[in-house]
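The primary structure of each chain is shown beneath.
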Amino acid sequence: MRQIEWSMWANEQAIISSSVVLFGGIIGITGFFRAWEIGIYAVVVAVLVFVIEYPRGKRAKGRTTERKFQHPFTRFVNRIGFLGRNYFVRFLFHLILCAPLCFILATIMGGLCLFVTSMIYLVAAFKGEQWSPVGLEEKPVEDNKKELKSFRQPKKPPPRAPPQGIEDNHI
Amino acid sequence: MARILNDLPRWLVIIVWLIGNIVYFVVTYFNFLTRDYDYTNLMLGPALPWARASAACLNLNCMLILLPVCRNLLSAIRGSFQRCCIRNIRRQLDKHITFHRYIAYMICVHTAIHLGAHIFNVERYVEAYNSRDEARRDLLVRLSSLRDNPTAGTTYLNFIDSPNTDAVKEALKTLSGVSGVVITLVLIVMVSSATELIRRSYFEIFWFTHHLFIIFFIGLIVHGFQGIVRRQTNVAEHDPVACMNSSSTWGTPGGCPNPQFAGLEPNAWKWVAGPLAIYFIERLVRFWRSKQVVVVSKVVQHPSKVFELQLKKKGFKMGPGQYIFLQCPSLSSLEWHPFTLTSAPEDDFFSVHIRRAGDWTEALAKACYVDDGEFQSSRKMPRLSVDGPFGTATEDIFWYEVDVFVAGGIGVTPFASILRHIWHKHKEAKADMKLRKVYFYWVCPDTNSFEWINDLLKNFDQQMAEEGLGEFLNYYIYLTRGWDKNQAQNIILHEHEDVDPVTGLAQKTHYGRPNWDKIFQDITKNHPSTSVGVFFCGPGVLSMTLHKMCNKHSTVGGTKFFYNKENF
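Per chain, residues are indexed from 1 in the order of the written sequence. Whichever chain is written first becomes A and whichever ligand is written first becomes 1, with later ones labelled in order. In view of the model being predicted, local features appear only for residues whose pLDDT reaches at least 70, and side-chain atom pairs are presented and counted only at 80 or more, with totals across whole chains, interfaces and linings using the full set of residues. Only hydrogens and water are set aside when side-chain values are computed; all heavy atoms of the structure are taken into account.

1. Quick word on the overall build of chain B
Right, on to step 1. For helices the rule is a DSSP run of H or I covering at least 4 residues; for strands it is a run of E covering at least 2, with both sets numbered from the N terminus onward. A count of helices and strands for chain B gives 20 helices and 14 strands.
Right, on to step 2. Three labels apply to residues, based on accessible area from a 1.4 Å probe with only protein chains included: buried if under 20% of the type maximum, exposed if over 50%, partly exposed otherwise in between. For chain B, buried positions account for 53% of its 568 residues.
Right, on to step 3. Partitioning the contacts of chain B with sequence separation of at least 6, the portion at a separation of at least 24 is 75%.
Right, on to step 4. Here the Shrake-Rupley method, with its probe set to 1.4 Å, supplies the accessible areas, and only the displayed protein chains count as covering residues. About 25,600 Å² of surface is accessible on chain B, with carbon and sulfur atoms providing 59% of the total. Any two residues whose heavy atoms approach within 4.5 Å are treated as being in contact.

Okay, structure coming up:
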C-alpha cells in the first residue's frame with residue numbers, strides 16, 4: 001500500500017476550510033449580530049489561511065501537480081523558513097486561529113473545519129512529513145541544453161525513406 | 001449544430017435536473033410566504049424561505065446522489081435497455097460518476113444556503129427577546145413568551161425559552177443544531193478528501209472518509225425530527241394580519257385567541273429511504289459476490305511488467321469491453337480495483353492484463369508467483385474476489401456501421417477483448433452484422449508497451465490474410481515518443497521488409513502523434529452519411545481532443561460521429 005501523505009489531505013481541507021471561514025465571516029458581518037466583530041476576524045483568518053495553504057507542497061513520491069498561479073505563494077511560504085515547513089507549526093497555527101471562531105454561530109462551522117485541518121496536520125507532523133517547495137528548483141543554464149533535455153514532438157521526418165507505398169504516414 | 005447533436009442527451013439530462021432543482025426551490029420558497037408563516041417570517045426575517053427551499057433541494061439531491069454509485073443497478077438497467085433502441089440513454093449511464101459529482105456540487109451549494117439561512121434564523125430567534133426593530137419589539141416579545149402550556153392553551157413559536165442567551169449554546173442544545181453541524185462537517189471532510197489528488201494518490205483516505213456518508217444520512221434523517229421551525233395552525237381563528245397589532249389582548253375575552261403553532265413534519269426520510277434501501281441491496285450483492293469462489297486457472301507473464309490472470313468462476317457471463325473489480329483479501333479487504341476484461345465472451349475463461357504499476361498490483365504479482373516463471377497450482381494462489389462484470393460504452397460497438405477505436409497506452413486492454421469478440425462475430429455472421437468496418441488506432445508513448453498485445457494483432461494479421469478480409473479491420477500504431485539512434489538505424493535497415501521492425505506487424509508503425517483532423521476527414525470521405533461510433537480508452541487530454549473532433553466533423557445528414565469513452 002502506498003504511503004499516505006496526510007499533509008496533502010490537510011492542505012485540501014485547509015483550502016476548503018478557508019472558504020467556509022470566509023463564508024461564515026461574511027454572514028457574520030452582514031448579519032450584524034452580537035459579537036459580529038469576529039466576522040471581520042474570520043475574513044482575515046480566511047485570507048491568511050489561504051495564502052499559507054495555497055501553495056501545495058512537494059509530494060514525497062511521484063509528480064506534484066501545482067495549483068494554478070501558486071508560484072508567488074510558494075516563494076512566500078518558502079521564505080518563512082522553518083515556520084513554513086514544519087507541520088507542527090501549522091497544526092498550532094490552525095488550532096490557535098480556530099479558537100475565536102467558535103464563539104459566534106456564523107463562524108462556528110469554519111472554526112470546526114479549521115480544527116479538523118489542524119488535527120490532520122498533527123497526524124502529518126507525527127508521521128514526520130514536511131512541507132517543501134515545488135517548482136522553485138533552479139534551472140541551470142537554460143539556453144543550449146534545453147533542447148536536448150526535453151522530449152518534443154518530433155520535428156524531423158521519420159527515419160524512413162518516403163516511398164510511394166506509404167501514404168498515411170503523417171507526422 | 002454538430003456539437004448539439006453529440007451532446008444533446010447529456011445536456012438534456014443536466015437541464016432537466018437543473019430545472020427540477022430550480023422549480024422545486026422556487027415552489028418551496030413561495031410556499032413559505034403564506035399566511036401560516038406570517039409570524040414565523042416576522043420573527044425570522046427573509047431567511048426562512050431560503051432555508052426551507054434549500055432544504056427541499058437538499059432532500060431531492062440526497063435522494064439522487066446514491067443512485068449513480070449503484071454499479072450493479074446501473075449495469076442491470078443498461079442490460080435491459082440493450083434490447084430497445086435508446087442508445088443515447090444508455091450512453092448517459094456511462095457518465096454516472098460525473099453525475100454523482102454534479103449532484104454533490106449541488107448539495108454543497110444548497111448546504112451553504114441552508115447553513116447561512118439558519119445562522120440568520122437562530123440569531124433572529126435569540127434577538128426576538130430584544131429586537132432592534134422598535135415597531136415590532138413588543139409583538140416579538142409576546143410571541144416569544146408563548147410556551148407549551150396546556151392549561152393556558154398556548155404552544156411555542158420561539159424554541160429559545162429565555163432572553164439574553166448565546167446563539168451558539170442554544171443551537172447546540174437542539175438535535176437539529178448538533179446533527180446539522182455534524183453532517184455539514186462530514187460533508188466538508190468528504191469533499192476535501194474526494195479531490196482529484198487525494199482520490200488518485202491516497203485512495204484509502206478517500207474510501208474511508210466517503211463512508212462517512214452513513215453518518216451523513218443518519219444526521220440528515222434526524223435533522224428535522226425536532227420540528228423547530230413552526231407554522232401557525234389556527235389562521236382561521238387568529239388572522240395574523242388582523243391580530244398582529246393587538247398582541248397585548250391575545251387570549252383575553254374580546255381579543256384574538258392565542259395563536260397556535262406546530263412543528264413541520266420531518267420528511268427527509270421519505271426522500272432517502274428508497275435510495276438507501278437500493279444502495280443497501282447493492283452492497284449486499286457486492287458482499288455476496290465477494291464470497292463466491294474464483295479459481296485462478298493460469299498466470300501468464302508478459303513483457304514490460306504486464307501479467308495476465310486467467311480466471312474461472314461459476315456462472316460468470318461477460319460482454320466485450322466490460323470490466324470487473326478485483327479484490328484480494330490477503331492484500332487489502334477494502335480495495336476493489338477495476339480491470340478491463342481482455343478475453344472474449346466466447347472464451348471459456350475470463351482474463352485480465354495487469355501492469356505492475358502500483359503497490360497493489362506489485363503485491364498481487366508476488367502473491368501469484370509471477371516471477372517464479374512456472375505456474376503454481378491453483379490451490380497455492382491467493383483468494384480473489386470478483387465483482388462484475390460491469391457494462392461500459394463499448395457494448396454499443398455493433399450499433400454503428402463504422403467503428404473507430406482509439407486506445408492510448410494501456411487503454412488498449414478493452415479493445416483486446418472487443419477485437420477478439422468482433423472477430424468471432426464476424427466469422428459467424430458476416431451478412432447479419434451492421435458493423436462493416438473497423439479502424440483501430442493505438443497511440444503509444446514507447447515501444448515497451450507494444451509487446452504484450454502483439455500476439456493478438458499478429459493473430460489478426462494472419463487470420464485476415466487467410467480469409468481475405470483485410471478490408472474489415474484497419475489498424476494503425478503511433479509511437480509518440482520518438483526513437484533513439486539504434487532504433488533509427490534498425491528502422492532504416494528494415495525499411496523494405498514486409499513487417500514493421502518495431503512491432504513485427506504488417507502495418508508499419510507511425511511516428512509522432514496522429515493527425516486527427518486528417519483522419520476524421522478521410523473517414524468522412526470514405527463513409528458519407530453513416531453513423532460512426534468513436535470509442536476511446538486512455539488519458540483525458542486525448543479524450544478531449546477526440547470529443548472535439550467528433551463534434552467538429554459531424555454534420556447533419558452527413559457523417560455523424562458518436563463519441564464514447566471508457567470510464568476509470
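2. Remarks on the UniProt feature "transmembrane region" (unreviewed entry) in chain A
Residue and element names in this part refer to chain A.
Right, on to step 1. UniProt positions are given in the numbering used here, feature names are shortened, and annotations may be inferred rather than shown by experiment. Taking the UniProt record as the reference, the feature "transmembrane region" (unreviewed entry) is found at residues 12-32 and 38-55.
Right, on to step 2. Helix makes up 95% of residues 12-32 and strand 0%. Its end C-alpha atoms lie 31 Å apart.
Right, on to step 3. Across residues 38-55, helical content stands at 89% and strand content at 0%; the span's end C-alpha atoms are separated by 27 Å.

3. Things to note about the sheet that holds strand β6 (residues 337-340) of chain B
Residues and elements named next belong to chain B.
Right, on to step 1. A pair of strands is considered paired only if DSSP assigns at least 2 bridges between the two. Taken together, 3 strands build an open sheet; the order of strands is β6-β5-β8 and the sheet is antiparallel. The open sheet has two free edges, formed respectively by β6 and β8 (385-390), since each of these has just one partner strand. Within the sheet, the average angular offset between the axes of one strand and its neighbour, ignoring direction, is 30°.
Right, on to step 2. The pairing of strand β5 (residues 323-327) with β8 spans 4 bridges and is antiparallel. Paired with Gln 327 across the two strands is Ser 385, which belongs to β8.
Right, on to step 3. Along the sheet, helix α14 (residues 268-290) makes contact with β5 and β8, crossing β8 at roughly 125°. The axes are straight lines fitted to the C-alpha atoms, using for helices just the contacting stretch, and the angles between their N-to-C directions are given from 0 to 180°.

4. Some thoughts on the nonpolar core
Right, on to step 1. Residues enter a nonpolar core if they are buried and are Ala, Val, Leu, Ile, Met, Phe, Trp, Tyr or Cys, with the set joined through side-chain atoms within 4.5 Å. The biggest cluster of nonpolar side chains holds 33 residues, and the ones touching the most others in it are Tyr 39, Leu 143 and Trp 250 of chain B.
Right, on to step 2. Listing elements by their share of this core, those giving two or more residues are α6 (105-126) of chain A together with α2 (38-44), α6 (96-127), α7 (137-145) and α8 (167-173) of chain B.
Right, on to step 3. For this core, the leading source of residues is α2 of chain B, giving 4 residues.
Right, on to step 4. The residues touching Leu 143 of chain B, leaving out its near neighbours within four places in the chain, are Tyr 39, Met 43, Leu 157, Trp 250, Pro 259 and Phe 261 of chain B.

5. Observations concerning the sheet that holds strand β11 (residues 473-479) of chain B
Residue and element names in this part refer to chain B.
Right, on to step 1. Strand order in this open sheet of 6 strands is β12-β11-β10-β9-β13-β14, and the pairing throughout is parallel. Edge positions in the sheet fall to β12 (510-511) and β14 (560-565), since each has one partner strand and no second.
Right, on to step 2. Set on the sheet, helix α16 (residues 413-428) makes contact with β9 (402-408), β10 (437-444), β11 and β13 (531-537); between it and β9 the angle comes to about 150°.
Right, on to step 3. Across the sheet, helix α20 (residues 540-553) is in contact with β9, β10, β13 and β14; its angle to β14 comes to roughly 160°.

6. A word on the pairing of β9 of chain B
All names here are of chain B.
Right, on to step 1. With 7 of its 7 residues buried, β9 lies for the most part within the structure.
Right, on to step 2. Along β9, one buried face is formed by Val 402, Val 404, Val 406 and Gly 408 and the opposite face, lined by Asp 403, Phe 405 and Ala 407, is buried too.
Right, on to step 3. With 7 bridges connecting them, β9 and β10 associate as parallel partners. In the strand pairing of β10, Phe 405 is matched with Phe 440.
Right, on to step 4. The pairing of β9 with β13 spans 6 bridges and is parallel. Each bridged residue has a counterpart across the sheet, and for Phe 405 the counterpart in β13 is Phe 535.

7. Regarding a nonpolar patch on the surface
Right, on to step 1. On the surface, a cluster of nonpolar side chains totalling about 440 Å² of accessible area is made up of Trp 11, Ile 15, Ile 19, Val 23 and Val 27 of chain B.
Right, on to step 2. Topologically, Ile 19 of chain B is positioned in helix α1 (residues 2-31). Patches here are clusters of residues that have more than 30% relative accessible area and form no salt bridge, with a 9 Å joining cutoff for like charges and a 5 Å cutoff for nonpolar side chains (Val, Leu, Ile, Met, Phe, Trp, Tyr). The salt bridge criterion pairs a side-chain nitrogen of Lys or Arg with a carboxyl oxygen of Asp or Glu, the two atoms within 4 Å.

8. A word on the pairing of strand β7 (residues 350-355) of chain B
Residue and element names in this part refer to chain B.
Right, on to step 1. Most of β7 sits out of view: 5 of its 6 residues are buried.
Right, on to step 2. For strand β4 (residues 306-313) and β7, the ladder comprises 6 bridges, and the chain directions are antiparallel. The residue bridging Leu 311 from the neighbouring strand is Phe 350, located in β7.

9. Brief notes about helix α2 (residues 37-53) of chain A
All names here are of chain A.
Right, on to step 1. For α2, which comprises 17 residues, the first-to-last C-alpha distance of 24 Å matches the rise-based estimate of 24 Å (1.5 Å per residue) to within 8%.
Right, on to step 2. Every buried residue of α2 is listed here: Ile 38, Gly 39, Ala 42, Val 45, Ala 46, Val 49, Ile 52 and Glu 53. Projected down its long axis, α2 carries its buried residues within an arc of 145°, all on one side.
Right, on to step 3. In this structure, the buried residues of α2 make contact with α1 (6-31), α3 (71-80), α5 (87-101) and α6. Expected helix span is taken as 1.5 Å per residue step, with the number of steps being one fewer than the number of residues. Directions are taken from the helix axis to each C-beta atom, and the arc is the one they span.

10. A short note on the environment of Leu 83 of chain A
Right, on to step 1. Mapped onto the elements, Leu 83 of chain A comes out in helix α4 (residues 82-85).
Right, on to step 2. For the pair Leu 83 of chain A and Trp 131 of chain A, spaced 48 residues apart in sequence, the C-alpha separation works out to 9.9 Å.

11. Section: the packing of aromatic side chains
Remark: the centre distance and the inter-plane angle together describe each pair of aromatic rings, the angle taken between the planes.
Right, on to step 1. By convention, a stacked pair of Phe, Tyr or Trp rings (six-membered ring in the case of Trp) has centres within 6.5 Å and planes under 30 degrees apart, an edge-to-face pair has planes over 60 apart, and any other such pair is tilted. By the definition in use, this model includes 34 aromatic pairs over all chains.
Right, on to step 2. Measuring from centroid to centroid gives 5.3 Å for Phe 88 of chain A and Phe 126 of chain A, while their planes differ by 85°, and the two rings are edge-to-face. Taken together, the residues span a long stretch of sequence, with Phe 88 of chain A in helix α5 and Phe 126 of chain A in helix α6 at a distance of 38 residues.
Right, on to step 3. When its relative accessible area of 35% is taken as the criterion, Phe 88 of chain A is described as partly exposed.
Right, on to step 4. An angle of 65° between the planes, with centres 5.5 Å apart, marks the rings of Tyr 39 of chain B and Trp 250 of chain B as edge-to-face. Here Trp 250 of chain B lies in the loop between α13 (240-243) and β2 (261-263) and Tyr 39 of chain B lies in helix α2, a separation of 211 residues in the sequence. Summarising the burial analysis for this pair, Tyr 39 of chain B and Trp 250 of chain B share the class buried.
Right, on to step 5. Each residue in the set Tyr 400, Phe 405, Phe 415, Phe 440, Phe 535 and Phe 562 of chain B is aromatic and connected to the rest through ring pairs, giving one cluster.

12. Quick notes on the state of the cysteines
Residues and elements named next belong to chain B.
Right, on to step 1. In this description, a disulfide is simply a cysteine sulfur pair whose atoms lie within 2.5 Å. Going through the model one piece at a time under the given rule, you end up with 1 disulfide over all chains.
Right, on to step 2. Residue Cys 243 pairs covalently with Cys 256 via a disulfide, S to S 1.9 Å. Linking Cys 243 and Cys 256, the disulfide has an S-S dihedral of approximately -85° and is accordingly described as left-handed. With a gap of 13 residues between them, Cys 243 in helix α13 and Cys 256 in the loop between α13 and β2 connect regions that are remote in the sequence.
Right, on to step 3. Of the residues examined, Cys 256 reaches a relative accessible area of 15% and is grouped as buried.
Right, on to step 4. Unpaired in this structure, Cys 328 has its nearest cysteine sulfur neighbour in Cys 368, at a distance of 6.9 Å.
Right, on to step 5. Note on Cys 328: relative accessible area 0%, which makes it buried.
Right, on to step 6. Taking relative accessible area as the criterion, Cys 368 reaches 1% and is therefore assigned buried.

13. A look at unusual backbone geometry
All names here are of chain A.
Right, on to step 1. In the Ramachandran plot, Phe 32 falls in the positive-phi region, its phi being about 60° despite a non-glycine side chain.
Right, on to step 2. One can find Phe 32 in the loop between α1 and α2.
Right, on to step 3. Residue classification places Phe 32 among the partly exposed residues on the basis of a relative accessible area of 47%.
Right, on to step 4. Positive phi is not limited to glycine here, since Ala 35 has a value of about 55°.

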